[in-house]
Structures are given as structure tokens and as C-alpha cells.
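# Fold and contact review
Listed below are the residues making up each chain.
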Amino acid sequence: MINIHESISSYSSEVSGSGAQLVAISKTKPDEDLIAAYDAGQRHFGENKVQELCGKYERLPKDIQWHMVGHLQRNKVKFIAPFVHLIHSVDSVRLLTAIDKEGKKFGRVINVLLQVHIAKEETKFGFSETEIKAFLTSEDFKSLTHVRIAGLMGMATNTKDAEVVTHEFKQLKSFFDELKAANSPLHTMDTLSMGMSGDYKIALKEGSTMVRIGSSIFGARNYVK
Ligand SMILES: *Cc1c(COP(=O)(O)O)cnc(C)c1O
């Protein structure tokens, strides 16, 4: 059995020691596990399903900052728009436009990260660097008033080959730095979300500002599909 209190203490000190922020990825885990992490001082939690995120938001303490890390459908944005702290997984302009619209409705500026496709796998969602550059100079981008693009998120190839992962994170960091240098006042890029249980050490070394750790904190997930 994993001791959630101990894992939060050790990961949060390691991650904050690198100047980054720890998001505890609690998908599939019961409320008691989140409360154990909360009692150990953790306030940032991430989920990948809208329904589960909304249920946990309703039941758990209101000072938790909720992160959406999974693929998000446009018609579900309205459910999380009133409270979500950061959406990591914006992978299309249409989704971004939908978030902007819901932000307007709820009178909030919603913080988002653009997900960049850095892995070799075909299955991972995300923009290419070229698409992001084109978008950031488009009229569509200028018309957004209720989203703030706070940075980028990327998932490396799922491999034990540290060189491949290092290369992908380096590439994402250098793209992040390039965009940051061109910061506009409305979109201050300060967040680079990269690193999970298996690769967060590499991510921190390569300049991540936010790591998303799930199974190493809470134990392996049991998926019932
Ligand atoms: C599940 C998930 C994580 C956490 O994965 P672990 O390997 O359990 O740490 C991080 N990011 C995203 C986008 C996820 O879906």
C-alpha cells in the first residue's frame, strides 16, 4: 500500500526544490485519496474526465485548484468553465474558441495551455509548432478576450529510452522560450507543463515549470473499461 501523505511530502519538496509546481493527477481515485493528499498540503489536482472532475469539485474542499489534463470536448467546456483553474489540453482552435465563449458567459478569463504534439506516437493529441505559430499571428487569436494562454503542455513518447524523452522535452522547452520571448501583455506564457510519473525527473532537468504526477503518488490505476 502506498502512503499518500508520504508521497505528497516527498514529491512536493522535490518538485518545488526545482522551482516547479506539482499537480497531483487523481483520475480514477476515490475522494478519500484526494483528501489524504489535501491533508498533506496538496492543493493542485488534475483530472482527465469532465464528469469526474465536476463531481470531485462539488464534493471536495473549495480551495482546491482544479486542472483539466485530458482531451476535452467542446460541448463539455460549460461544465468546468465556472471553476477550472487551468486547462492543459487545448488541442484545437475550435476548442479554444469554445472556452473563450464560456469564459465570457461566466465572466472569467480562463487559463489554458496549448498542447503540443512532441511524441512519436500518432495517438497523442496536440498542435504542431507550425500550427501554433500560425494561430498566434491570426485574427482568431486577437479576438479572444476570455482565455489567457498561459503556456504549453506536452507528453513525451512512452519509452524507457531517456535520450528520446530528453530530446522531446528539450525541443518543447526551446519552443516555449521562443514564444515567451514574444509575450503579449494579455498572454503571459509562464507555464510549461511537462513530466509525469515516469519522466518527471528528466522534465525538471529540462526546464519544466509544472509536473503532472499520478500513479507514483496514488498508486497504479485500475481501469474498468
Ligand atoms: C494520467 C495523466 C498523467 C499522470 O500519469 P502518471 O503516469 O500516472 O503520473 C499526466 N498527464 C496526463 C495528461 C494524464 O492523462
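Worth saying up front: this structure is predicted, and the values here are computed from it rather than measured.

About the cut-offs
- Residues numbered from 1 in each chain as written.
- Predicted model: local features only at pLDDT ≥ 70, side-chain atom pairs only at ≥ 80, totals over all residues.
- Heavy atoms only, no water.
- Helix = DSSP H or I, 4+ residues; strand = E, 2+ residues; numbered from the N terminus.
- Rg over C-alpha atoms; globule rule 2.2 N^0.38 Å.
- Buried < 20%, exposed > 50% of the residue type's maximum accessible area, 1.4 Å probe, protein only.
- Phe/Tyr/Trp six-rings, centres within 6.5 Å; stacked < 30°, edge-to-face > 60°.
- Lys NZ or Arg CZ within 6 Å of the ring centre and 35° of its normal.
- Near = heavy atom within 4 Å.
- Polar contact = N/O pair within 3.5 Å; in protein donor to acceptor, adjacent residues only side chain to side chain.
- Areas by Shrake-Rupley, 256 points an atom, 1.4 Å probe, with all protein chains shown as cover.
- Pairing = 2+ DSSP bridges.
- Core = buried A, V, L, I, M, F, W, Y, C linked by side-chain atoms within 4.5 Å.
- Contact = heavy atoms within 4.5 Å.
- 1 Å grid on protein atoms, 1.4 Å probe; cavity = no way out; pocket = protein on both sides within 12 Å on 5 of 7 lines; lining within 4 Å.
- Points joined across faces, edges and corners; volume = space filled by probe spheres on them.
- Salt bridge = Lys/Arg side-chain N within 4 Å of Asp/Glu carboxyl O.

This next bit is on the overall build of the protein chain. When its secondary structure is counted, the protein chain shows 10 helices and eight strands. In terms of C-alpha radius of gyration, the protein chain reaches 17 Å, essentially the compact-globule figure of 17 Å for 225 residues. Principal axes of the C-alpha set define a box for the protein chain whose edges measure 50 × 40 × 35 Å. When burial is assessed residue by residue, the protein chain has 48% of its 225 residues classed as buried.

In this section: the packing of aromatic side chains. A complete count under the given rule lists four aromatic pairs for this structure. Measuring from centroid to centroid gives 5.5 Å for Tyr11 and Tyr200, while their planes differ by 70°, and the two rings are edge-to-face. One end of the pair, Tyr11, is in helix 1 (residues 4-17); the other, Tyr200, is in helix 9 (residues 200-205), and 189 residues separate them in sequence. Owing to a relative accessible area of 7%, Tyr200 belongs among the buried residues under this scheme. Consider the rings of Tyr57 and Phe83, whose centres lie 3.8 Å apart with planes at 5°: the pair is stacked. Of the two residues, Tyr57 is situated in helix 3 (residues 50-59) and Phe83 in the loop between helix 4 (77-80) and strand 4 (86-90); the sequence distance between them amounts to 26 residues. In this arrangement the basic side chain of Arg43 is found over the ring face of Tyr38, its NZ or CZ atom lying 3.6 Å from the centre. In this structure, Lys62 packs its charged tip against the face of Tyr57, placed 4.8 Å from the ring centre.

Let us now look at the site of the ligand. Around the ligand lies a shell formed by Ile25, Lys27, Val69, Met155, Met196, Ser197, Arg212, Ile213, Gly214, Ser215 and Arg221. Lys27 is positioned such that a nitrogen or oxygen atom in its side chain is 2.6 Å from an oxygen atom of the ligand. Residue Ser197 places a side-chain N or O atom 2.5 Å away from an oxygen atom belonging to the ligand. When the ligand is considered free in solution it has 390 Å² of accessible area, and contact with the protein chains removes 90% of it.

Taking every second residue as pointing to the same face, both faces of strand 8 (residues 210-213) are buried, with Met210 and Arg212 on one and Val211 and Ile213 on the other. Judged from the four bridges that link them, strand 1 (residues 21-25) and strand 8 form a sheet pairing that is parallel. If you follow Val23 over to strand 8, its bridge partner there is Arg212.

Here we take up the nonpolar core. By size, the foremost hydrophobic cluster in this structure holds 60 residues, and its most contacted members are Ile80, Ile87 and Leu152. Of the residues forming this core, the biggest block, six residues, is contributed by helix 8 (residues 162-181). The residues touching Ile80, leaving out its near neighbours within four places in the chain, are Val50, Leu53, Cys54, Met68, Leu72, Ile87 and Arg108.

What follows deals with the layout of surface pockets. Considered as a void within the structure, the second largest pocket measures approximately 330 Å³ in volume. Along the walls of the second largest pocket sit 14 residues, with Leu136, Phe141, Ala182, Asn183 and Ser184 positioned nearest its centre. Contributions of two or more residues to the lining of the second largest pocket are made by helix 6 (129-136), helix 7 (139-142) and helix 8.

We now examine the pattern of salt bridges. For the structure on display, the rule yields 13 salt bridges. The partner of Glu178 in a salt bridge is Lys133, with the nearest N and O atoms 3.3 Å apart. With Glu178 in helix 8 and Lys133 in helix 6, the pair connects residues that are 45 residues apart, well separated along the chain. A salt bridge links Lys142 to Glu139; its shortest N-O distance comes to 3.1 Å. Here Lys142 pairs with Glu139, and both are found in helix 7, just three residues apart, close to one helical turn. One salt-bridge network, held together by shared partners, links Glu47, Glu52 and Lys56.

Read these as spatial facts, not as claims about activity.
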